[in-house]
Amino acid sequence: MSRQEGQKAKILALLQVFEQKTDDQHMLTVPELVDALNGAGIPAERKSIYTDIAALQDAGYDIEQQRGRGGGYYLASRSFELAELKILVDAVQSSRFITRKKSRELIHKLEGLASSYQASALQRQVFVSGRAKSENETSYYAVDALHQAIASDKMVSFQYWEWQPDGKKHPRREGSLYKVSPWALAWENDNYYLIAYQDYAQPANIRHYRVDRMQKVKVLNHPRAGKKLYADFDLAAYIKKRFNMYASSDEQQVTLRCANHMAGTIIDRFGTGIMLIPEEDGAHFHVTVPIAVSPQFLGWVCGLSPYVTILGPETVRDQICTLIQDMSKIYF
């Protein structure tokens, strides 16, 4: 190895020491930096360390010195602050979409962005008790393939499966391939959904599919269809109307009567763009929102009873009455 190559290797090794062994609570003196390099098989002298630190600082690395007893040099700032890494780690660990194995791999990579001391703090931060995780390891790569298809304006094919009472996965439509035009990926209810145009079943329309239930995803050499329909498509409104992303074509303007203390619940669900209209009794308000009426929506209303009730339309009131009657036959 030439002297110049050896110098480059030494500076890179020194940077690695700063990244892994230092932070604002853990500093290293020059003699300790020399020992760390020598321990890694990189010959170093005290005088050269000062020059190397200056070179790293000139390259943009925020290496600072704290003088006095207990002081030393340390890497003062990184691409991600510890608080930001904790948020990212929590998101990975709590996500049902990401498998346990992939969660461990991603968290290990995130730990590499912190010092070894901060990494241990991240490990203590991440445990979420009893969190259900996906078992579909291929979902991680399916997302990448879908993004690729969207970017290249291509259709995709895949199999779509569902759980059966035997505890096994069974493909829908006897395993025949779905072929759709992908337009967007949405994150809702802690799951990834593909928003796509399909015309294999009528009527042709925009539909959604859970990515973790897709397998054998393949980018096809066919241009996407449905461009005009998607141009007029409001993804945020589409998601907001569908409770638990339950597919329903029964979209209606539904008026809800709510007790005043339910305002936060209604705004959390439908957003701040809705109009809450106070009623004369001073204790209630009503709101009209577009809903893809489904058993999930009706169950949501039942769960908030008696503080949220459906005022109209009458057809939706009839649906919830039928649901309640059917439930009473089961439990009474």
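Each remark here, short or long, concerns the structure printed above.
Keep in mind that what you see is a predicted model, and the values were worked out from it rather than measured.

Caption draft 1: Region of interest: helix α3 (residues 46-58). An ideal rise of 1.5 Å per residue puts 18 Å on 13 residues; α3 measures up with 19 Å between its terminal C-alpha atoms. Positive phi appears at Gly 60, one or two residues downstream of α3, with a value of about 105°.

Caption draft 2: The packing of aromatic side chains, seen in detail. All told, the structure shown has 12 aromatic pairs when counted by the stated rule. On the basis of an interplanar angle of 90° and a centroid distance of 4.9 Å, the ring pair of Trp 187 and Tyr 192 is categorised as edge-to-face. Residue class for Trp 187 comes out partly exposed when judged on its relative accessible area of 41%. Accessibility expressed as a relative area gives 22% for Tyr 192, which makes it partly exposed. Between Arg 173 and the ring centre of Tyr 178, over which it is positioned, the NZ or CZ distance is 4.5 Å. Lying across the ring of Trp 183, Arg 224 places its NZ or CZ 3.7 Å from the centre.

Caption draft 3: Just the nonpolar core, in detail. Of all hydrophobic cores here, the largest spans 25 residues; its most connected members are Leu 146, Phe 158, Val 180, Leu 194, Tyr 209, Val 211 and Met 214. Elements with a contribution of two residues or more to this core: α4 (82-94), α5 (100-111), α7 (139-152), β3 (154-163), β5 (178-188) and β6 (191-198). Among the elements that take part in this core, α7 stands out by supplying four residues, more than any other. Those residues within four positions of Leu 146 in sequence are excluded, and the remaining contacts are Val 156, Leu 185, Leu 194, Val 211, Met 214 and Val 217.

Criteria and thresholds
- Residues numbered from 1 in each chain as written.
- Predicted model: local features only at pLDDT ≥ 70, side-chain atom pairs only at ≥ 80, totals over all residues.
- Heavy atoms only, no water.
- Helix = DSSP H or I, 4+ residues; strand = E, 2+ residues; numbered from the N terminus.
- Expected span 1.5 Å × (residues − 1).
- Phe/Tyr/Trp six-rings, centres within 6.5 Å; stacked < 30°, edge-to-face > 60°.
- Buried < 20%, exposed > 50% of the residue type's maximum accessible area, 1.4 Å probe, protein only.
- Lys NZ or Arg CZ within 6 Å of the ring centre and 35° of its normal.
- Core = buried A, V, L, I, M, F, W, Y, C linked by side-chain atoms within 4.5 Å.
- Contact = heavy atoms within 4.5 Å.

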